[in-house]
Amino acid sequence: MSPSQDPRPIQHALSPDLISILKNSVEATLVAVIKQNKHTRYFSESPVFADFHSALRNLGRGHADGFSDDILLDTFRSTIPLTSYESYEPFATKFLAETCQEDDVRDMFSPGLPYYIAITSSTSSPKPKSFCRYQHQRPKHDILSDAGQTFWTFSLHYRQLIEVKNRDGDTVTAIPAGLGSSGMVRMRNGLDVVDDPLNIKLTGEWATSPIAVGFIREYRTFLLTHTLFALTNNKIETICILFTTSAVDMIRYMEEEWDTLLASIETGELPPWDDIQHVREYLQPHFPPRPERAAELRAIGKATDQSGWLVEIWPMLNTIFSIGSGVFSVAVPKLRFYLGPDVRLCSLGFATSEAYIATVYDLSDLNLFKVTSQDIIEYLDVTVEENAASLVPPWLVEVGKHYEIVCTTRDGLWRYRFGDVIEVAGFDPTDGTPIIRYFERRNVITWMAGGLLTEKHITAAILAVQDTLAPITEFTAIIDSHSGIPTLGYLLEVHGELRALFAMILNTANFKDPDAPKAPVKLHNELCRLNEEFDPQRMQIPTIRVLKPGTFAEYRQWRIEVTNSGSGQAKVPVLLWDNVAQERMLARVQKELGVDLNDEIVEGSL
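Residue numbers here run from 1 along each chain, matching the order of that chain's written sequence. Where local features are concerned, this predicted model is filtered to residues with pLDDT of at least 70; where side-chain atom pairs are given and counted, the filter is 80 or more; whole-chain, interface and lining totals use all residues. Side-chain descriptors were evaluated using all non-hydrogen atoms of the structure, hydrogens and water having been removed beforehand.

Colleague: Teacher, can you tell me more about the overall build of the chain here?
Modeller: Of regular secondary structure, the chain possesses 20 helices and 24 strands. Buried means the residue's accessible area, taken with a 1.4 Å probe over protein chains only, is under 20% of the maximum for its type, while exposed means over 50%, and partly exposed covers the values in between. Taking all 606 residues of the chain together, the buried fraction comes to 57%. Here a residue-residue contact requires only that any non-hydrogen atoms of the pair lie within 4.5 Å. For the chain, contacts bridging at least 24 residues in sequence account for 67% of all contacts bridging at least 6. Throughout, the Shrake-Rupley method with a 1.4 Å probe supplies accessible areas, and for residues the shown protein chains are the sole cover considered. Put simply, the chain shows about 25200 Å² of open surface, and 49% of that area lies on carbon and sulfur atoms. Secondary structure follows DSSP: runs of H or I at least 4 residues long count as helices, runs of E at least 2 residues long count as strands, and numbering of each begins at the N terminus.

Colleague: Please clarify how the pattern of salt bridges should be interpreted in this entry.
Modeller: Close approach of charged atoms lets side chains of opposite charge pair. We count a salt bridge whenever a side-chain nitrogen from Lys or Arg sits within 4 Å of a carboxyl oxygen from Asp or Glu. Inspection of the entire model under this criterion finds 29 salt bridges. Of the charged contacts in the structure, one is a salt bridge between E378 and R415, with a shortest N-O distance of 2.9 Å. Of this pair, E378 sits in strand 13 (residues 376-381) while R415 sits in the loop between strand 15 (402-408) and strand 16 (416-427), and the two are 37 residues apart along the sequence. The pair formed by E378 and R415 is uniform in burial state, with each residue classed as buried. With its nearest N and O atoms 2.8 Å apart, the salt bridge here joins R417 to E386. Of this pair, R417 sits in strand 16 while E386 sits in the loop between strand 13 and strand 14 (391-392), placing them 31 residues apart in sequence. Given a relative accessible area of 24%, R417 falls into the partly exposed group.

Colleague: Explain helix 9 (residues 219-231) to me, please; I cannot follow it from the model alone.
Modeller: Owing to its 3.6 residues per turn, the α-helix aligns residues three or four sequence positions apart on the same side. In this model helix 9 runs 18 Å from its N-terminal to its C-terminal C-alpha over 13 residues, within 8% of the 18 Å that 1.5 Å per residue would give. With twelve of 13 residues buried, helix 9 lies mostly within the body of the structure. Among all positions in helix 9, only Y219, T221, F222, L223, L224, T225, H226, T227, L228, F229, A230 and L231 are buried. For the purposes of these results, a polar contact is taken to be a pair of N or O atoms within 3.5 Å, where, inside protein, one atom must be able to donate a hydrogen and its partner to accept one; residues adjacent in sequence count only when each atom of the pair is a side-chain atom. Between the side-chain oxygen at the start of helix 9 and the backbone nitrogen of R220 there is a gap of 3.3 Å, and the oxygen is on E218. Residue count minus one, scaled by 1.5 Å, sets the expected span of a helix.

Colleague: Please clarify how the packing of aromatic side chains should be interpreted in this entry.
Modeller: Remark: the centre distance and the inter-plane angle together describe each pair of aromatic rings, the angle taken between the planes. Two rings belonging to Phe, Tyr or Trp (six-membered ring only in the last case) form a pair when the distance between their centres is within 6.5 Å. Interplanar angles under 30 degrees mark stacking, angles over 60 mark edge-to-face geometry, and anything in between is tilted. Inspection of the entire model under this criterion finds 30 aromatic pairs. Each ring, one from W152 and one from W206, has its centre 5.2 Å from the other, and the planes form 75°; the classification is edge-to-face. Here W152, found in strand 4 (residues 150-152), pairs with W206, found in the loop between helix 8 (196-199) and helix 9; they are 54 residues apart in sequence, far enough to count as distant. The burial state of W152 is the same as that of W206; both residues are buried.

Colleague: In this structure, what is going on with the pairing of strand 13? I would like to understand it.
Modeller: When you tally the buried positions in strand 13, you get six out of six residues, the bulk of the element. Taking every second residue as pointing to the same face, both faces of strand 13 are buried, with I376, E378 and L380 on one and I377, Y379 and D381 on the other. Pairing between strands is defined by DSSP: at least two bridges between the two strands are required. Looking at chain direction, strand 13 and strand 15 are connected through six bridges and run antiparallel. For L380, the partnering residue across the bridge sits in strand 15 and is E404. As paired elements, strand 13 and strand 14 share two bridges and run antiparallel to each other. Counterpart to L380 in the pairing with strand 14 is L391.

Colleague: Explanation requested: the side chain of R545 in the structure shown.
Modeller: In this fold, R545 is placed in strand 22 (residues 543-547). You can call R545 buried: its relative accessible area is 4%.

Colleague: Sorry, what's going on with the sheet that holds strand 14 here?
Modeller: Strand-to-strand pairing in sheets goes through backbone hydrogen bonds, with the strands running parallel or antiparallel. Pairing in this open sheet of eight strands is antiparallel, and the strands run 10-11-12-17-16-15-13-14 from one edge to the other. The open sheet terminates on both sides in strands that have one partner only, identified here as strand 10 (350-351) and strand 14.

Colleague: What is the right way to read the pairing of strand 7 (residues 238-243) from this model?
Modeller: Two faces belong to every sheet, and in a regular strand the side chains alternate between them. Taken across its six residues, strand 7 has five buried, putting it largely inside the fold. Bridge count between strand 4 and strand 7: three bridges; the pairing is parallel. Looking across to strand 7, one finds that T150 is bridged to T238. As defined by bridge partners, strand 7 adjoins strand 8 (residues 319-323) across four bridges and the pair is classed as parallel. In the sheet register, C240 faces strand 8, and the bridge partner there is F321.

Colleague: I would appreciate a short explanation of helix 15 (residues 332-339) in the present structure.
Modeller: With six of eight residues buried, helix 15 lies mostly within the body of the structure. Those residues of helix 15 lying buried are V332, K334, L335, F337, Y338 and L339. Buried residues along helix 15 sit against helix 10 (244-256), helix 14 (309-313), strand 8, strand 9 (344-346) and strand 20 (472-480). Of the residues one or two after helix 15, G340 is the one with positive phi, at around 85°.

Structure (structure tokens):
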């Protein structure tokens, strides 16, 4: 969907005609996927799929060729179980072997060799996972196709370059393994990794930054260098940045380095940042002096308490694309403040390292998506037994119900469980495709006070206390045992420039807000309201710690370094278990709100 298109109002029930259209489309896609991937190594060799092959043998053939579409569909539905990374991993790790032989990996999950391997950020799992992504026909709709001049913070970094060798020891191809978003940028724009010696010298029509900026790994310098090139252009119409939290980081860095950025634009000399030394020679030819533009920016000045600073910098700015649903929604108010009321804030879609789940349906709604028609999405009702027999096809889902999405893809996943729970909002009136909203991660739970504590509970509760405490830029939660009795502890950054009460938090004045210390008690009450299974007597009062500005940006940079991943996709989990990460954040606490052993509300500065 292009930015100029407006969706038709969603339907809340499917007519018989739409059921028929949707069913025929989904089944045709599923048959095509089965036929495409029926002879792959994973599908042929994994014991998980033995029942499928046995069923076909019992029908008189040992493979899927020659059977009618109806038989293939019925056999798929009756024999393919729910799958997880456990069955996928032994085959994926063959690509990461010290020597990757073509005979060992060709046709592994889909015909041929993958274009890139997406390695997860391990936000919600103890170790990263690897998923092979193959090159298919380009999607019909590209939200950036008519975006005009675009400030796009793309990354091309990879963690590992896999050289696939043939029997003679010659390199057949090279496959980058790293961020899924980096691989998608490469695939979309034809930036094959084998051509990087040429790519690094180029500029692309699709972004304001030279290609070389995409090879910067250090998070702060990565964002600042993209920003530097964007600032030279006063005709920017669109900003594309993966997460709203990263957009807020970018704005903070731009404010902090404002004078340095303008001096560089004026003289045409790149800033003396150490982390651009390896690409400086490729960047400098694209960075001539622009004293007139520097003068324009000096006249504008740094951000003030008036909204719309980004529009002053880029008067033609009309749209920013960024993921702002789920936990990323907390950064939306601050980003909206800098954008002003007239710039559209739109989602990039619903995508994971494993697959692309859904496209943007309504550009005005950050959490409304149309399920893809290029892969198969089935729906597992979260209230029923977790097995393949409980899967619901798209034409039988119910509006308002919650389902875990299960995907069968052209890239070789078979009824794979993602762990993402969605809510069905309705159906597209043109073809019946489900329209969904992201709800929560299914596996982000812990047991507390007699009930299950989910990602949704943790997020909804802290957002509900903003009127008592402050607008929140970003947060995470920990199981806080500092008082001896485990409770939920929130670590958060706040909108310091938007509310006067932050004079208290930042210790810049003697302002004292009487309601802020009450936030922990309100949090306790909200958590108990959200889940009636919680025992209010057993549920300890949560703690709230306000962190120094930039703490979450520092966390992202640290995660990029320890995982050797690229900039742009480091995420902060809703519930943080990593002890080292917890210690790093707790060292940056500015203000703490909680309840002492006598149940008295206390607040303290650190």
